Amino acid sequence: MNAPVKHTADATSVEEGLAIAAENDKQFTSEFATETAMQNTLLTPRFYTTDFDEMDAIDVSPVREDWDKLIAQMESDPNKGHFKKNEDWDTVDWDGMEPELKKEFIDFLISSCTAEFSGCVLYKEMKRRGNNKDITQLFQLMARDEARHAGFINDALREAGLRVNLGFLTQKKKYTYFRPKFIYYATYLSEKIGYARYITIFRHLEANPQHRFHPIFKWFEEWCNDEFSHGEAFALLMKTDPKLTQGFNVFWIKFFLTAVYSTMYVRDHQRPAFHGALGVDPDWYAHEVFTKTSTLTKQIFPITLDIEHPRWQRGLERMQKANADMAEAKGLKKLGAQARAVAAFVSLITIPAKKHTVPASVRLEPAY
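First, a word on what this report is: a plain description of the structure on this page. (Residues numbered from 1 in each chain as written. Predicted model: local features only at pLDDT ≥ 70, side-chain atom pairs only at ≥ 80, totals over all residues. Heavy atoms only, no water.)

**Thoughts on the pattern of salt bridges**
Throughout the structure, instances matching the rule amount to 25 salt bridges. Among the ionic pairs, D155 bridges to R158, the shortest N-O distance being 2.6 Å. In this pair, D155 and R158 are both assigned in helix α6 (residues 133-158), three residues apart and thus about one turn of the helix distant. What makes D155 buried here is its relative accessible area of 12%. Taking the shortest distance from any N to any O, the salt bridge between D325 and K321 comes out at 2.8 Å. Highlighted residues: D325 and K321, both in helix α13 (residues 310-328), separated by four residues, approximately one helical turn. (Salt bridge = Lys/Arg side-chain N within 4 Å of Asp/Glu carboxyl O. Helix = DSSP H or I, 4+ residues; strand = E, 2+ residues; numbered from the N terminus. Buried < 20%, exposed > 50% of the residue type's maximum accessible area, 1.4 Å probe, protein only.)

Structure (structure tokens):
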């Protein structure tokens, strides 16, 4: 008889992974981490719900060949057992960590855990409600991966005496309703930009190991490859219905591209000590991530943003400054800062996009 699974990394289903995480959580308490994860602002990860019946009706026949290859790859489970501490996990001196770095790094871990678990909750619900074998199988596999990621981040947080109560989050965090097509755009971009972010940090630290101030960064390559596969799945889902990337929907694609890129820029500039410890300039990092993500999204989106346009960087900086002022201001000054943030976003979204022809087959392989 096989020994019971003791770690989320070894779980073969989302249900098993969440049960292990819940059991582990009994050993730790931290209202701070969970309260931080519960926050709902423009910059914090959200929990989503959607029209699951519409998603259950998707017919993947138009992309069957690519679909079956992707599902087979995900079923082979190359990362089973990977997301747990081993001999490569260095001892972390949380007490000796510079206070501002510790604060920003914990915020990064909590935000990342919440984002990963947000995907897990959405995917698990689709699997639970659906009857379409193709769709439920995909979402079960993606939920499995996201549960592992969230559990692994919680492992790292426990060393600092913290943890995010994932069960409480599922029950109490506010859910935002998005139509399925908006779920496709937002989640596809989240997965692809997640890949670009993690692989950029991983390659940078591979070349500059003196800046690897925490062992979790050693796991980023396999982590981002999961993100990449999930993005491939959403690209295929969009490919099943050509209308999703045509007509007025191209405006929505541009909106989500602009919103995701600008939100990332603003959020990253709130963590100067974190990026300083990594030896990364946030402006350089943003441009690297935007460049990679724009190249990747050509697989399914008919446009990319012109991130070299003179208004692009200026608009991002204006939005970042307005956001910083909003956090400090009250009354009319706060309203003024909000108006400046909206004006900056309008300036960004009105930059003409670059058009291209989408390839016949959308499938890509990690290349960075």
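**Concerning the packing of helix α10 (residues 249-268) against α13**
For any two helices packed against each other, the geometry comes down to the angle between their axes and how far apart the axes lie. The N-to-C vectors of α10 and α13 enclose an angle of 55°; their axes lie 9 Å apart at closest approach. The orientation of α10 with respect to α13, classified from their angle, is oblique. Where α10 crosses over α13, the handedness of that crossing is right-handed. Every residue of α13 that contacts α10 at Y261, S262, Y265 and V266 is listed here: W312, Q313, L316, E317, M319, Q320 and N323. Looking at the contact of α10 with α13, its residues break down into six nonpolar, four polar and one charged. (Axes fitted to C-alpha atoms, helices over the stretch in contact; angles between N-to-C directions. Parallel < 35°, antiparallel > 145°, perpendicular 65-115°, else oblique. Left-handed = near helix turned anticlockwise from the far one by under 90°. Contact = heavy atoms within 4.5 Å. Nonpolar A, V, L, I, M, F, W, Y, C, P; charged D, E, K, R; others polar.)

**A few points about α10**
Along its 20 residues, α10 runs 29 Å from first to last C-alpha, staying within 8% of the 28 Å computed at 1.5 Å per residue. For α10, the tally of buried residues reaches 14 of 20 residues, placing the bulk of the element in the interior. (Expected span 1.5 Å × (residues − 1).)

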